[in-house]
Amino acid sequence: MKVLSAKPSEYEEIQRFLEEAYGHSFNFFNERWLKVWKKDYTDFENILLIKEKQQIISLVRIFPLMFIQKGVRIKTAGIGNVSTLYSHRGKGYMSCLLEESFCRMRKEKYPVSVLWGDRHRYGHFGYENCGSNIVLRINVRGINKMGIKQVDPKRYFGQSEALEKIIDIYNTNSYRKQRTKKDFTALYAAMGVATYYAEKGKEFAYLSIASSDSGAQGTVKEYGGNSELLLGILKYLNERFGHDSFVLVFPDMREIPDILLAASSNWEISKSCMLKIINLKETLRLFSQHPDFHFPEGEEITFTIKDGESATIVKQQGILSIREGKGRNEIVLDETGMVRLLFGTYFWAPADVDSTTLQMLKMFLPFKFFVWRMDTV
């Protein structure tokens, strides 16, 4: 099977292929996913195709992403639009395209890849659930209990002054995707999203919520700024649209303002995305730079992916290093098991790990990986 990179001249054909493969409406992708599928934003080199008789029959797209995870920049390859025509499924086209995408990721030195999908479909390729989001549910009863007054927010329709304030607030987040101004503009103009903002004196807040035509009532996709103003906007949305409750997602409990936690009727833990380790050594090197990373002096742990690479964490005389190859305290896991160990929604380790190594692992695992709902691909 020959894998091709798409060409700009194939844009319309790609749109029709995706609509047919997913059963979506005409122009769904370049309206719903404006930030990546508007023609001017489309990265054709990273769209991989298989054709038969000059017709696209299977497609995968790689999305180059840069995430900032509490000060650490993580170059990440997103995978999306995994699709094959119904009449050609079960012939191995998708496996061929994904394997080619992994080869390109290794060549481009991506440490990890992310996607959103089903474990049965993608576990075979080394992807596993990862990250621990805190999902907060807030209803009007909780807002009233905090003594919050309804505010009268403005709808964001591209106002430049409001956009600058939104960008400034977004960029204060400890966990975020690196965005250009063009990215922000496209995100808030996409189908299925409505963005509101409010100001009081020097205070400012905004939130992007699933619009009334999206079928996901009460899902807050992004937010930021003054917490009391945020609650005031939620109260306004309840009054206007009748939303009974709202769902907000946070990277961890320490990131939740006290007043929002107090207003919540419930919270729970959920996964962030699915992740595949492309380069184990680089992954360990990057995430060991996280400010919450702790490793004991004079110790070492080796991580080995079965039938794959090994990397060892060592700390000697106060200097932490990540080296290729094996050392002491080796842990051998398959690809998905290594993701569960390093990035699980909660701490997990295989049963055969000795107690000393287990205690060391608990000092720095699992690594945190958070993606805003607006930045999924």
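The model shown is predicted, which means the values in this text are computed figures rather than measured ones. (Residues numbered from 1 in each chain as written. Predicted model: local features only at pLDDT ≥ 70, side-chain atom pairs only at ≥ 80, totals over all residues. Heavy atoms only, no water.)

Peer 1: Give me the lowdown on the environment of Glu255, citing residues and values where you can.
Peer 2: By the secondary structure assignment, Glu255 is in the loop between strand 13 (245-250) and helix 10 (258-263). For Glu255, a relative accessible area of 26% translates into the label partly exposed. Taking the C-alpha atoms as reference points, Glu255 and Thr180, separated by 75 residues in sequence, lie 24 Å from one another. Here Glu255 is in contact with Ser174, Tyr175 and Phe250, once residues within four sequence places are set aside. (Helix = DSSP H or I, 4+ residues; strand = E, 2+ residues; numbered from the N terminus. Buried < 20%, exposed > 50% of the residue type's maximum accessible area, 1.4 Å probe, protein only. Contact = heavy atoms within 4.5 Å.)

Peer 1: Can you break down helix 4 (residues 93-107) residue by residue, with the values?
Peer 2: Residue pairs spaced three or four apart in an α-helix point in one direction, given the helix's 3.6 residues per turn. For helix 4, with 15 residues, the first-to-last C-alpha span of 22 Å sits near the 21 Å given by 1.5 Å per residue. Taken residue by residue, helix 4 has Tyr93, Met94, Leu97, Leu98, Ser101, Phe102 and Met105 as its buried positions. Along its buried surface, helix 4 packs onto strand 2 (47-52), strand 3 (55-69), strand 4 (72-84), strand 5 (112-115) and strand 15 (273-277). In the stretch just after helix 4, Lys109 is the one whose phi turns positive, near 60°. (Expected span 1.5 Å × (residues − 1).)

Peer 1: Go over the sheet that holds strand 12 (residues 220-225) with me, naming the residues and quoting the values.
Peer 2: Pairing is antiparallel across the open sheet formed by 4 strands, whose spatial order is 8-10-11-12. Bordering the open sheet on either side are strand 8 (154-155) and strand 12, each of which pairs with just one other strand. The sheet contact formed by strand 10 (residues 193-200) and strand 11 (residues 203-210) spans 8 bridges and is antiparallel. What sits directly across from Val193, in strand 11, is Ala210. Packed onto the sheet, helix 9 (residues 227-241) meets strand 10, strand 11 and strand 12 and runs at close to 40° relative to strand 11. (Pairing = 2+ DSSP bridges. Axes fitted to C-alpha atoms, helices over the stretch in contact; angles between N-to-C directions.)

Peer 1: Tell me about the side chain of Asp252, and name the residues and values.
Peer 2: For Asp252, the position within the fold is in the loop between strand 13 and helix 10. Here the side chain of Asp252 touches Arg254 through a polar contact of 2.9 Å, landing on its backbone nitrogen. If we skip the residues at most four places from it in the chain, Asp252 touches Ile134, Tyr175 and Lys368. (Polar contact = N/O pair within 3.5 Å; in protein donor to acceptor, adjacent residues only side chain to side chain.)

Everything listed here is a matter of coordinates, which is why it stays silent on function.
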